[in-house]
Amino acid sequence: MRLFQRKPKRPLLPLRSLVVMPHTQAEVDVGRAGSKLAIERALSAEGQIFLATQKRPEVDFPGLDDLHPMGVLAEVRRVNRLPDGTFQVVVEAMGRARLLGLSGQDLLWAEYEDVPEPEIKDPELVRALVEKVRRAFGQYVASHKSLRLDRYQLEAIQGLADPARLADMVTHHATWTTEEKLAILSEVAIEARLERVLTLLARDLDRFDLDRKIAARVKEQMDKNQREYYLREQMKAIQKELGGGEDHLAEVEVLRERIQKKDFPDEVREKAERELDRYQRMQPGSPEASVVRTYLEWLLDLPWREATEDVIDLPRTREILDEDHYGLDEVKERILEFLAVRKLAGDEGAKGPILCLVGPPGVGKTSLGRSVARSMQRNFVRISLGGVRDEAEIRGHRRTYVGALPGKIIQGMKRAGSNNPVFLLDEVDKLASDWRGDPASALLEVLDPEQNKAFQDHYLEVPYDLSRVFFIVTANTLSTIPRPLLDRMEVIEIPGYTPLEKVKIARHFLWPKVSRRAGVEGKVQLEETALRRMVDEYTREAGVRGLERQLAKVARKFARRYLEAPWEGVYDVKPGDLESLLGAPKYRPDRAEKDPQVGVAQGLAWTGDGGALLTIEVLAVPGKGRLKLTGNLGSVMKESAEAALTYLRARADRYDLPPDFHEKWDLHVHIPEGAVPKDGPSAGVTLAVAIASALSGRPVRMDLAMSGEITLRGKVLPVGGIKEKLLAAFLSGVSRVLLPKENGPDLAELPPEVREGLEIVLVEDVIEVLDAALLPLAPEVRDARPAWRAGA
Ligand code: ADP
């Protein structure tokens, strides 16, 4: 019987990618002709159709093999025929059914069998699974972003008493793939079906959790960016409110670009970038900001890597030195030797001693430095160390000081514009030192090739490399240069010029220079005699600076005269013209023999300005044997006076001195020009002569000058500055000079003019000096003498 029973058939509605779970409602769009026939048929007959999901959605006319075997029977609840011919169909699914075969042409008939819900095999397990599925589905709905189920719907599903219905309903609502849903539809056993559902729910919950974490992290990052962006915008707004905000930012950008382009050492670049960041965050126009800004400008302006190319070509250097300077042969030779060593020894040569030019002002030390730079094609800078007493002047102040700046060295480097200039340090002998630190030791670091690779300026904070700089030092005298500095130097002395040399310098170098500057070049010329008169009567100096000034004055006068009344050819300046140009002469040449005088002697002094004639006056007055010294004398000079006095007491007889003069007479020693401090032992012999003259009444020859230290036993010891002193003696019209014998070798390099113009007597003992300087007593004095003696 059973064999002949006709298999049940229902019209087939193939679904492209939809899975309809049992006991759910679904809305299906139906467009295919066969499907529409199936719907019509269902409506006209019993109303049931078979829903089967296609294995591949793109197949238009599915056969049996194209359909998934597990499907559902469904009733058509509503059909909405749309104008385009498609049907919107609402179906309500009944139970599961398995597709067994297909028949028919256009309208397909599905042969099927019902698949009833099976028995529960393991109720315990099912209860536990149901519980888990309920909870998991609750969480699923809660954390699902696009699944919209209200609380009642959710509770209705969770409250389903039938575990099978629960599994199917959850599957219906979940946003799973067609395959996943089909797998559950195909799973008939209740336990297995619930497990599958639970697995998928758990998987999704994990995903949601991960998503949440990622989202949280993304949000955090976004919040941070947002915060910074917000703050920066706010700052901009504030700056704009306060004015200049946009200018500030534009300025920061300009600075940033300059920093990028500048050839910095790494350390300096990092520093600059850090400071720029700081600057950007600062209130524009505030004091702090301008401090940082100034600092950045310094970093940017300094030559860190910029260098000029060196040329050391000795013949060319010689030419340049000759072009710029008259005479100075020895000095020029020494400079050439110095450069030769530099050239041959390369970097090692740069570690040699520092060139130190010593001489009175205006002898061309600075301009020699300039010529050296010109000949090497290096840049030239000069700083003066005169009066520098604070280490900070060399090394700069820390930026925390108001108005802090780098020290003189770094300032010089900025002016130089290259990291290898010729750098002239003027007047090292005028360095002072006090409690503010020792500038000499800072200078020592500057000049020391071992240390100056990383010179520390307090303001800069980053080290600066000075090792490629060619330092030249100048001084007026060696005596006050700190010893450690002097040890590092190669000293070249320039003693000063004779009048003849000055005339030559004026004629060939100074006049062409100043007349060009005044625009009267080739229009005026000075006769040699006029120049000589200018040297003698309008200037008194070792160098030619004053002379240059006087010449410039003459040039200016002629510039004006020329504008007022131009002339043809060359105007010749004669000695007699000088009064109208420069006024009355300042110095009268007192070359005429001066009369011998009592109690006066002429010494020779050596100062930073060169040599000078030093007149010593002594007056003896009745008293108690006191010695008074005035004229701003130093302690060494006072001691010289004491020594001279004691010596004379021991020789009182020989020089007709009153034997008790140390009890009955007071002596006052004075050296005029009290404003100028005088010290040193070299006035010893002069003091002895002046004192002896004052006490004995014997006059002293005034065509004579002397210099020498004395000992208590009357020995004459050598003294310094011989060349300068002789030059001064020569210039002041003295004809004879007494000098210590041991200074003999110093006479070798005297200018011929001086050697010929002076009689130089070398002495060993004060007796020789006194004999040469003191004249016999005048007859009238001699006659008065017994009384003078008795009265004393
Ligand atoms: P210092 O530095 O020794 O004080 P400067 O170099 O300033 O002296 O010289 C002063 C002026 O005298 C400069 O114009 C310089 O060119 C000029 N001068 C000095 N000595 C000579 C010389 N021997 N020949 C030519 N000009 C000279």
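K.L.:
Lay out the site of the ligand in plain terms, naming residues and giving numbers.
P.N.:
Taken together, 20 residues are adjacent to the ligand, and Tyr326, Gly362, Lys365, Thr366 and Arg545 come closest. For the ligand, an oxygen atom lies 3.1 Å from a polar atom in the backbone of Gly364. Contact distances for the ligand include 2.9 Å between a nitrogen atom and a side-chain N or O atom of Tyr497. For the ligand, the protein covers 91% of the area, taking 560 Å² as the surface of the free molecule. Mapped by element, the contributors of at least two residues to the shell around the ligand are helix H12 (365-376), helix H17 (499-518) and helix H19 (545-564). Here the element with the most residues in the shell around the ligand is H17; it accounts for four residues. Looking at the shell around the ligand, its residues break down into ten nonpolar, five polar and five charged.

K.L.:
I'd love a proper account of the environment of Leu300, names of residues and values included.
P.N.:
Its place among the elements puts Leu300 in helix H9 (residues 287-301). Apart from residues no more than four positions distant in its own chain, Leu300 is found in contact with Leu255, Arg258, Ile259, Lys262 and Phe264.

K.L.:
Can you tell me about the pairing of strand S15 (residues 600-607), naming the residues and giving the values?
P.N.:
Burial of S15 is extensive: six of the eight residues sit out of reach of the surface. Judged from the eight bridges that link them, S15 and strand S16 (residues 610-622) form a sheet pairing that is antiparallel. For Trp606, the partnering residue across the bridge sits in S16 and is Gly611.

K.L.:
How would you explain unusual backbone geometry if you had to name every residue and give the values?
P.N.:
Positive phi, close to 55°, is recorded for Leu328, a residue that is not glycine. Considering the arrangement of structural elements, one finds Leu328 in the loop between helix H10 (314-324) and helix H11 (329-350). For Glu427, which is not a glycine, the phi torsion comes out positive at approximately 60°. By the element assignment, Glu427 lies in the loop between strand S9 (422-426) and helix H15 (439-447).

K.L.:
How would you explain a nonpolar patch on the surface if you had to name every residue and give the values?
P.N.:
A contiguous nonpolar surface patch, about 370 Å² in accessible area, is contributed by Leu210, Ile214, Val218 and Met222. With respect to the helices and strands, the residue Ile214 is situated in helix H6 (residues 190-242).

K.L.:
A description of the side chain of Ser732 should follow, citing residues and the corresponding values.
P.N.:
The residue Ser732 is located in the loop between helix H24 (722-731) and strand S23 (736-740) in this model. On the basis of relative accessibility, which here comes to 18%, the residue Ser732 falls in the buried class. For Ser732, the side chain forms a polar contact with the main-chain oxygen of Ala728, separated by 2.9 Å.

K.L.:
Hey, could you go over H15 for me, with residue numbers and the actual values?
P.N.:
Counting buried positions along H15 yields seven of nine residues, so the element is predominantly enclosed. All of the buried residues along H15 are Pro439, Ala440, Ala442, Leu443, Glu445, Val446 and Leu447.

K.L.:
Go over the packing of H17 against H19 with me, naming the residues and quoting the values.
P.N.:
Two numbers describe how H17 lies on H19: the axes approach to 9 Å, and their chain directions differ by 40°. Looking at the two axes, H17 sits oblique to H19. As H17 runs across H19, the sense of the crossing is right-handed. For the pair formed by H17 and H19, the contact residues are Lys502, Ala506, Leu510, Trp511, Lys513, Val514, Ser515, Arg517 and Ala518 on the first element and Leu547, Glu548, Leu551, Ala552, Val554, Ala555, Arg556 and Ala559 on the second.

K.L.:
Explain the nonpolar core to me, and be specific about the residues and the numbers.
P.N.:
Taken as a class, soluble globular proteins show a tendency for nonpolar side chains to be buried jointly. By size, the foremost hydrophobic cluster in this structure holds 54 residues, and its most contacted members are Leu425 and Leu447. The element contributing the most residues to this core is H9, with seven residues. Setting aside anything within four residues of it in sequence, one finds Leu447 in contact with Ile354, Leu425, Asn452, Phe471, Val473, Leu485, Arg488 and Met489. Of all hydrophobic cores here, the second largest spans 52 residues; its members include Ala42, Val91, Val130 and Leu185.

K.L.:
Explain the sheet that holds strand S7 (residues 354-358) residue by residue, including any values.
P.N.:
The five strands lie next to each other as S8-S9-S10-S7-S11, forming an open sheet whose pairing is parallel. Both outer strands of the open sheet, strand S8 (380-384) and strand S11 (489-493), are each paired with one neighbouring strand and no more. Strand-to-strand twist of the sheet, defined as the mean angle between neighbouring strand axes without regard to direction, takes the value 25°. Across four bridges, the pairing between S7 and strand S10 (residues 470-475) is parallel. Bridging from a neighbouring strand, Cys356 pairs with Val473 of S10.

K.L.:
Please give an account of a positive patch on the surface that cites residues and values.
P.N.:
A grouping of Arg545, Arg549, Lys553, Arg556, Lys557, Arg561 and Lys586 is seen on the molecular surface, where their side chains present a positively charged patch. Within the element layout of this structure, Arg556 appears in helix H19. Classification of Arg556 as exposed rests on a relative accessible area of 52%.

K.L.:
Tell me about helix H23 (residues 684-696), and please be specific about residues and values.
P.N.:
In this model H23 runs 18 Å from its N-terminal to its C-terminal C-alpha over 13 residues, within 8% of the 18 Å that 1.5 Å per residue would give. Downstream of H23 by one or two residues, Gly697 has phi in the positive range, about 85°.

K.L.:
Can you break down the pattern of salt bridges residue by residue, with the values?
P.N.:
According to the stated counting rule, one finds 63 salt bridges in the structure shown. Within this structure, Glu251, Arg258, Arg293, Glu297, Asp301 and Lys414 form a network of salt bridges that share partners.

Conventions and cut-offs
Residues numbered from 1 in each chain as written. Predicted model: local features only at pLDDT ≥ 70, side-chain atom pairs only at ≥ 80, totals over all residues. Heavy atoms only, no water. Near = heavy atom within 4 Å. Polar contact = N/O pair within 3.5 Å; in protein donor to acceptor, adjacent residues only side chain to side chain. Areas by Shrake-Rupley, 256 points an atom, 1.4 Å probe, with all protein chains shown as cover. Helix = DSSP H or I, 4+ residues; strand = E, 2+ residues; numbered from the N terminus. Nonpolar A, V, L, I, M, F, W, Y, C, P; charged D, E, K, R; others polar. Contact = heavy atoms within 4.5 Å. Buried < 20%, exposed > 50% of the residue type's maximum accessible area, 1.4 Å probe, protein only. Pairing = 2+ DSSP bridges. Patch = residues over 30% accessible without salt bridge, like charges linked within 9 Å, V, L, I, M, F, W, Y side chains within 5 Å. Salt bridge = Lys/Arg side-chain N within 4 Å of Asp/Glu carboxyl O. Axes fitted to C-alpha atoms, helices over the stretch in contact; angles between N-to-C directions. Parallel < 35°, antiparallel > 145°, perpendicular 65-115°, else oblique. Left-handed = near helix turned anticlockwise from the far one by under 90°. Core = buried A, V, L, I, M, F, W, Y, C linked by side-chain atoms within 4.5 Å. Lys, Arg positive; Asp, Glu negative; His and termini not counted. Charge placed at Lys NZ, Arg CZ, Asp CG, Glu CD. Expected span 1.5 Å × (residues − 1).

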